[in-house]
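Descriptive structure summary
Next come the chains, spelled out residue by residue.
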Amino acid sequence: MIDPSGNGAPPALHELTRRGPKARRAPVIVDRLLAEYGEDPVELDHDGVFQLLVATILSAQSTDKKVNEVTKTLFAKYREPADYLAVQDEELQEDLRPTGFFRQKTKALKGVCAALLERYDGEVPLRIADLISLPGVARKTANVVLGEAAPEEHLADPDAGIAVDTHVKRLSRRLGFTRQVDPIRIERDMMNLLPKQQWPRASLVIILHGRRVCVAQRPRCGDCLIEDLCPSSLAAGRRDLAGQARGLG
């Protein structure tokens, strides 16, 4: 619809505010974040989908900075799934120790690598159903890997969705996208709000924004590019909805 004023812009964009319906705000918010962060939304260093899968597994309960420090040498030593299976658990544990929970991560990586070799000829499958069949790989990891490494496959996959980590959980509530606290329900709400073409990288750019600007404590609302559409803006004197049992409808 053309704006009768003659400037060619949809009237809805002019009327959109932080109090506006979430179904109208959400795609605009994600579009802005994609424009800001979409070129390189994953901060985990990797070369290819297998390295991204490994790095994403290691990022649990760790920072991307620490994981990147570890994988700088890890990826030179272990180049393919068989390499992880060729060493004793104790050796791999020491290599992973700085990322924390190194025993569990050793078990997870070896399980994933064994499954890749047994079922997929050592290649990472590019379908959500296959990814979540790998030991220890849940929907969050599967959606991150597929959305970054193969966005076209993500779009075509009927099982693909939106990764929900701690940052997505916090921002989705701050932005009034959902009232839920369960990741599966948050994912469902966000999938209903966002057009499918945004799904592959929506969570990736939300995660970056949550790390850089919309942090858990003292969010930098004054520096936020979506502040005018945020119902939790502290700069506007609003109440932070992130920790509330109920949010906007």
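Our subject is the structure listed above.
Overview of the structure. (Residues numbered from 1 in each chain as written. Predicted model: local features only at pLDDT ≥ 70, side-chain atom pairs only at ≥ 80, totals over all residues. Heavy atoms only, no water.)

What follows is about the packing of helix H3 (residues 49–58) against helix H4 (residues 64–77). Where H3 contacts H4, the axes come no closer than 10 Å and their chain directions differ by 140°. With respect to H4, the axis of H3 lies oblique. Note that H3 runs across H4; the crossing there is right-handed. Between H3 and H4, the residues in contact are Gln51, Val54, Ala55 and Leu58 and Val67, Thr71, Leu74 and Phe75, respectively. Class assignment for the residues of the contact of H3 with H4 results in 6 nonpolar, 2 polar and no charged. (Axes fitted to C-alpha atoms, helices over the stretch in contact; angles between N-to-C directions. Helix = DSSP H or I, 4+ residues; strand = E, 2+ residues; numbered from the N terminus. Parallel < 35°, antiparallel > 145°, perpendicular 65-115°, else oblique. Left-handed = near helix turned anticlockwise from the far one by under 90°. Contact = heavy atoms within 4.5 Å. Nonpolar A, V, L, I, M, F, W, Y, C, P; charged D, E, K, R; others polar.)

Here we come to the pattern of salt bridges. Counting across every chain of the model gives 15 salt bridges. Between Arg18 and Glu227 there is a salt bridge whose closest N-O contact spans 3.0 Å. Placement of Arg18 in the loop between helix H1 (11–15) and helix H2 (22–37) and of Glu227 in the segment after helix H13 (199–212) is noted, with a sequence separation of 209 residues between them. With a shortest N-O distance of 2.6 Å, Asp64 and Arg211 are connected by a salt bridge. One end of the pair, Asp64, is in helix H4; the other, Arg211, is in helix H13, and 147 residues separate them in sequence. Among the residues examined, Asp64 registers a relative accessible area of 11% and is labelled buried. (Salt bridge = Lys/Arg side-chain N within 4 Å of Asp/Glu carboxyl O. Buried < 20%, exposed > 50% of the residue type's maximum accessible area, 1.4 Å probe, protein only.)

As a volume, the largest pocket reaches approximately 430 Å³. Along the wall of the largest pocket there are 18 residues; nearest its centre are Ser59, Asp64, Lys140, Asp165 and Arg211. At the level of secondary structure, the elements contributing two or more residues to the lining of the largest pocket comprise helix H9 (139–149) and H13. Per element, the largest residue contribution to the lining of the largest pocket is 4 residues, and it comes from H13. Of the residues that constitute the lining of the largest pocket, the class distribution is 8 nonpolar, 5 polar and 5 charged. Taken as a whole, the second largest pocket holds about 250 Å³ of empty space. In terms of lining, the second largest pocket is formed by 15 residues, of which the most central are Thr56, Ile57, Ala60, Gly136 and Thr141. If you list the elements that add at least two residues to the lining of the second largest pocket, you get H3, helix H7 (102–120) and H9. When residues of the lining of the second largest pocket are assigned to their parent elements, the largest contribution, 3 residues, is made by H7. (1 Å grid on protein atoms, 1.4 Å probe; cavity = no way out; pocket = protein on both sides within 12 Å on 5 of 7 lines; lining within 4 Å. Points joined across faces, edges and corners; volume = space filled by probe spheres on them.)

Tracing the sequence through the fold places Ala242 in the segment after H13. Sequence separation of Ala242 and Leu208 is 34 residues, and the distance between their C-alpha atoms is 17 Å. With residues up to four places along the chain from it excluded, the contact list for Ala242 reads Arg170, Arg173 and Arg174.

With respect to the helices and strands, the residue Asp157 is situated in the loop between helix H10 (151–156) and helix H11 (166–174). Excluding anything up to four places from it in sequence, Asp157 contacts Arg127, Ile128, Leu146 and Lys196.

Moving on to the packing of H4 against helix H6 (residues 89–96). In the contact formed by H4 and H6, the axes pass within 10 Å of each other and the chain directions differ by 145°. For the pair H4 and H6, contact is made by Val70, Leu74 and Lys77 and by Glu91, Leu92, Asp95 and Leu96, respectively. Among the residues making up the contact of H4 with H6, the classes are represented as 4 nonpolar, no polar and 3 charged.

In terms of burial, H9 is largely enclosed, as 8 of its 11 residues are buried. All of the buried residues along H9 are Thr141, Ala142, Asn143, Val144, Val145, Leu146, Gly147 and Glu148. Against the buried residues of H9 lie H3, helix H8 (128–131), H10, helix H12 (183–193) and H13.

Keep in mind that these numbers describe shape and distance, not what the molecule does.
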